[in-house]
Amino acid sequence: MIFHVAAHVTILLIVAFFILFAASRADGFVKLLGTILGVWLLLIAVMIVAGCVTAPMFGGKPFGMDMHAMHGGWMHHDGMHSDAPAPPAKPAAMAPATPAKPTGH
């Protein structure tokens, strides 16, 4: 896990560096947009590192949040079990079929 986090954070920081470098040489709205995007990437990288550093304090969950919606709740970590499945429904009542009338071709 640490290798993957380090790789992702490194890539984010490299991309943020190049975006901030390009924004420093630009003018007007492009400079503003590049600066905002670069700072946003730096913030994401810091949040990833903070989430990984604090995960052991919260039982392996980043910032103590349950992330069951991410994988649909089918993995059942932390001893959680899903509700018992609903009993099967009764079969639908079927009306008797009427015979087809022959056509005179």
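Look a little higher up for the structure.
Because the structure is predicted, anything quoted here is derived from the model rather than measured.

A word on the packing of aromatic side chains. Inspection of the entire model under this criterion finds two aromatic pairs. When the ring of F17 is compared with that of F18, the centres are 5.4 Å apart and the planes differ by 70 degrees; the resulting orientation is edge-to-face. Centre to centre, the rings of F17 and F21 are 6.3 Å apart; their planes meet at 20 degrees, and the pair counts as stacked. With F17 and F21 both in helix α1 (residues 2-25) and four residues apart, this pair spans about one turn of that helix. An aromatic cluster of at least three residues, connected via ring pairs, comprises F17, F18 and F21.

On to the packing of α1 against helix α2 (residues 29-54), then. With their axes 8 Å apart at the nearest point, α1 and α2 run at an angle of 160 degrees to one another. The angle between α1 and α2 falls in the class roughly antiparallel. The hand of the α1/α2 crossing is left-handed. Grouping the amino acids of the contact of α1 with α2 by side-chain chemistry returns 18 nonpolar, four polar and one charged.

On the surface, a nonpolar cluster with roughly 430 Å² of combined accessible area is contributed by I14, F17, F18 and F21. By secondary structure assignment, the location of I14 is in helix α1.

With that settled, consider the nonpolar core. Within the largest apolar cluster, six residues are counted, these being V5, V9, L12, A16, L41 and A45. Among the elements of the structure, α1 and α2 are those that each provide at least two residues to this core. The element contributing the most residues to this core is α1, with four residues. In this structure, V5 is in contact with I48 and C52, ignoring residues within four places of it in sequence.

About the cut-offs
Residues numbered from 1 in each chain as written. Predicted model: local features only at pLDDT ≥ 70, side-chain atom pairs only at ≥ 80, totals over all residues. Heavy atoms only, no water. Phe/Tyr/Trp six-rings, centres within 6.5 Å; stacked < 30°, edge-to-face > 60°. Helix = DSSP H or I, 4+ residues; strand = E, 2+ residues; numbered from the N terminus. Axes fitted to C-alpha atoms, helices over the stretch in contact; angles between N-to-C directions. Parallel < 35°, antiparallel > 145°, perpendicular 65-115°, else oblique. Left-handed = near helix turned anticlockwise from the far one by under 90°. Nonpolar A, V, L, I, M, F, W, Y, C, P; charged D, E, K, R; others polar. Patch = residues over 30% accessible without salt bridge, like charges linked within 9 Å, V, L, I, M, F, W, Y side chains within 5 Å. Areas by Shrake-Rupley, 256 points an atom, 1.4 Å probe, with all protein chains shown as cover. Salt bridge = Lys/Arg side-chain N within 4 Å of Asp/Glu carboxyl O. Core = buried A, V, L, I, M, F, W, Y, C linked by side-chain atoms within 4.5 Å. Buried < 20%, exposed > 50% of the residue type's maximum accessible area, 1.4 Å probe, protein only. Contact = heavy atoms within 4.5 Å.

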